[in-house]
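These are the residues of each chain, in order.
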Amino acid sequence: MNGSVLVVDDDPDTAQLLREGLRRRGLSVNSIHSAVACLGRLATEAVDVVVTDICMTDMTGLELCEQIRQRYPDILSIVITGQSTLDNAIGAIRAGAYDFIVKPVKLDTLAVAVGRALAHLLLLRELRHLRSVVEGDPVDGTAGIAGESPAIRETIEMVRRVSDSDATVLITGESGTGKELVARAVHRLSPRRAAPFVAVNCTTIPTPLLESELFGHVRGTFTNTKSARPGLFVQAGAGTIFLDEIGEMPAEMQVKLLRVLQERKLRPVGGDEEIPFHARVLAATNRNLEAEIEQRRFREDLFYRINVVTLHVPPLRARSGDILLLAQLFLRRIAQRIGKPVRGFSGPAARMLLDYDWPGNVRELENCIERAVALCRLDEVTVDDLPTKVQEFHVTRIVIPVGPAGSPDAMITMEEMERRYVRQVLETVRGNKTHAARILGIDRRSLYRRLESPYEAARQVARPEGASAIDRAKSSDSE
């Protein structure tokens, strides 16, 4: 029987007896001597089954079961009671206990009950697995990140590689690419999967309330606050806290967040004592934080603190081979939800979906498909069902000029061809030079060199001291 068991009893001798007896029967067991300490342990360690006495001084076993059910629904509880009464049995079930054992405890009986609980957990996990298979989603923890293109496969592989560590991860990518889906996948694949995943959008919380929301506050800090409130860092327990759009965080909060991440402790608003937190931190942004640092809008020391590992989510235009796959996935889900018999796309409609550049990325594609299914009057989506901007979009591609019969006079050099392509990539990523260099597989200095014409390069060599301010800025930026 594989699984982790925690015995809770305020009598150390009884706790040791149960712990050693279950260990001799092949179980992985630890013990603890108070219900409050148990809740603290569950916040930092992965536990499958809790075996608790019903009578304890700080909190009853039934109250502990209720807390575990609310905070950690994937953990099962077994209650040990001194009286086999109907009231005790009903109370245990109502509190969320999986089973209850009557004293004096027979270790073989307890081991069987624990084994049944572990088998039940295994069955629940198998059912989730089968449900994912039926729904056609990946079953390896990356559910929601659909696609077969090299770009998204690379992202998924990176998700798998970083999930087992506790390193802070910075997830980058344009708006609508699915950064939160990636963060949730990292959490689901990690040893912290049974603990909470807490997502915070730094742009939706007013600045005066952001510190209290993240770090909590003590009683009486604000008007009419009659009780203390733990912040989201503490509420995440031993799970994951996801700071979305961290590039939008106000400067004063950046300083406080940096200290919290460095010390792994936080001070609630109005409080005097620092308390530790145990959650893993993931962050995401659609901004170029390196450019934000240059503009003094983001702290460089905070950037290096959150950017231990970078995980880039590619835009949809960089994974065009996934467009129809995602469109069909969205169509099936939306059609099932609203009960409409739409099965696919007409050829012209599919072609338009492929040609469009999707500046809003996956989110825009999903909204487009939802609109198309709502308007569709046939069993397939046609061109008329697509938004006007998708229908009227004109593809822009690099065209190699050739004269009549391939006249050499109309040809361009390979160097010029490369320069035009670099400019188009730069235009596609809206001038983000770091992103463009990453796509091209070169550094920023090489990017600038490829953008310069032979005349411009010669002019720079001839007049290095007379370079314009723009030229000097470009040279400094490339370095």
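What counts and what doesn't
Residues numbered from 1 in each chain as written. Predicted model: local features only at pLDDT ≥ 70, side-chain atom pairs only at ≥ 80, totals over all residues. Heavy atoms only, no water. Pairing = 2+ DSSP bridges. Helix = DSSP H or I, 4+ residues; strand = E, 2+ residues; numbered from the N terminus. Axes fitted to C-alpha atoms, helices over the stretch in contact; angles between N-to-C directions. Contact = heavy atoms within 4.5 Å. Phe/Tyr/Trp six-rings, centres within 6.5 Å; stacked < 30°, edge-to-face > 60°. Buried < 20%, exposed > 50% of the residue type's maximum accessible area, 1.4 Å probe, protein only. Salt bridge = Lys/Arg side-chain N within 4 Å of Asp/Glu carboxyl O. Parallel < 35°, antiparallel > 145°, perpendicular 65-115°, else oblique. Left-handed = near helix turned anticlockwise from the far one by under 90°. Nonpolar A, V, L, I, M, F, W, Y, C, P; charged D, E, K, R; others polar. Right-handed = clockwise from strand over helix to strand, strands pointing away.

Undergrad: Hey, could you run me through the sheet that holds strand E3 (residues 49–53) in this one?
TA: Adjacent strands of a sheet pair through backbone hydrogen bonds, lying either parallel or antiparallel. Reading across the sheet, the 5 strands line up as E2-E1-E3-E4-E5 and stay open at both edges, with parallel pairing between neighbours. Edge positions in the sheet fall to strand E2 (28–32) and strand E5 (99–102), since each has one partner strand and no second. With strand direction ignored, the average angle separating the axes of adjacent strands in the sheet is 20°. Relative to E2, strand E1 (residues 4–8) runs parallel, the two being bridged by 5 bridges. Bridging from a neighbouring strand, valine 8 pairs with isoleucine 32 of E2. Docked against the sheet, helix H1 (residues 12–24) engages E1, E2 and strand E4 (76–81), running at close to 175° with respect to E2.

Undergrad: Would you mind going over the sheet that holds strand E14 (residues 309–312) with me for this structure?
TA: Read across the open sheet, the 5 strands follow the order E7-E10-E13-E6-E14; overall the sheet is parallel. Both edges of this open sheet fall to strand E7 (197–201) and E14, since each of them pairs with a single strand only. Averaged over all adjacent pairs, the angle separating strand axes in this sheet is 20°, with direction ignored. In this structure, E7 lies alongside strand E10 (residues 240–244), joined through 5 bridges in parallel fashion. Paired with phenylalanine 197 across the two strands is threonine 240, which belongs to E10.

Undergrad: Explanation requested: the packing of aromatic side chains in the structure shown.
TA: The description of an aromatic ring pair uses the distance of the two centres, along with the angle that the planes make with each other. Scanning the entire structure with this criterion turns up 6 aromatic pairs. Where phenylalanine 233 meets phenylalanine 277, the ring centres are 5.0 Å apart and the plane angle is 80°; that geometry is what we call edge-to-face. Here phenylalanine 233, found in helix H9 (residues 232–235), pairs with phenylalanine 277, found in the loop between strand E12 (275–276) and strand E13 (280–285); they are 44 residues apart in sequence, far enough to count as distant. Among the residues examined, phenylalanine 277 registers a relative accessible area of 3% and is labelled buried. Centroid distance tyrosine 356 to phenylalanine 393: 5.2 Å. Interplanar angle 85°. Geometry classified as edge-to-face. One end of the pair, tyrosine 356, is in the loop between helix H14 (347–355) and helix H15 (361–375); the other, phenylalanine 393, is in the loop between helix H16 (388–391) and helix H17 (414–428), and 37 residues separate them in sequence.

Undergrad: Could you clarify how one ought to interpret the pattern of salt bridges in this entry?
TA: Opposite charge on two side chains allows them to pair when their charged atoms are near. Per the counting criterion, the structure on display carries 23 salt bridges. Between arginine 337 and glutamate 370 there is a salt bridge, and its shortest N-O distance comes to 3.1 Å. Pair noted here: arginine 337 is in helix H13 (residues 323–338) and glutamate 370 is in helix H15, with a separation of 33 residues, a long-range link. In this structure glutamate 370 comes out as partly exposed when scored by relative accessible area, which is 36%. Lysine 389 is paired through a salt bridge with glutamate 364; the nearest N and O atoms lie 3.2 Å apart. Taken as a pair, lysine 389 in helix H16 and glutamate 364 in helix H15 lie far apart in primary sequence, 25 residues in all. What makes glutamate 364 buried here is its relative accessible area of 13%. Three or more residues joined by partner-sharing salt bridges are found here, namely Glu248, Arg287, Glu292 and Arg297.

Undergrad: Would you mind showing me how to read the packing of H13 against H15 here?
TA: Two quantities define a packed helix pair, namely the angle between the helix axes and the distance between the axes. Relative orientation of the contacting elements H13 and H15 amounts to 45°, with a least axis distance of 9 Å. Considering their axes alone, H13 and H15 lie oblique with respect to each other. For the crossing formed where H13 meets H15, the hand is right-handed. Where H13 approaches H15, its residues Ile323, Leu326, Ala327, Phe330, Leu331, Ile334, Ala335, Arg337 and Ile338 are matched on the opposing element by Val362, Leu365, Glu366, Ile369, Glu370 and Val373. Of the residues in the contact of H13 with H15, the class split is 12 nonpolar, no polar and 3 charged.

Undergrad: Would you mind going over the pairing of E1 with me for this structure?
TA: The side chains of a regular strand alternate, first on one face of the sheet and then on the other. Among the 5 residues of E1, 5 are classified as buried, and the element is accordingly described as predominantly covered. Side chains Ser4, Leu6 and Val8 of E1 all project onto a buried face; the interleaved residues Val5 and Val7 project onto the opposite face, where all are buried too. Note on the crossover from E1 through H1 to E2: the handedness is right-handed. With 4 bridges connecting them, E1 and E3 associate as parallel partners. Across the sheet, the residue bridging to leucine 6 is valine 50, located in E3.

By themselves, these observations are geometric and do not establish any function.
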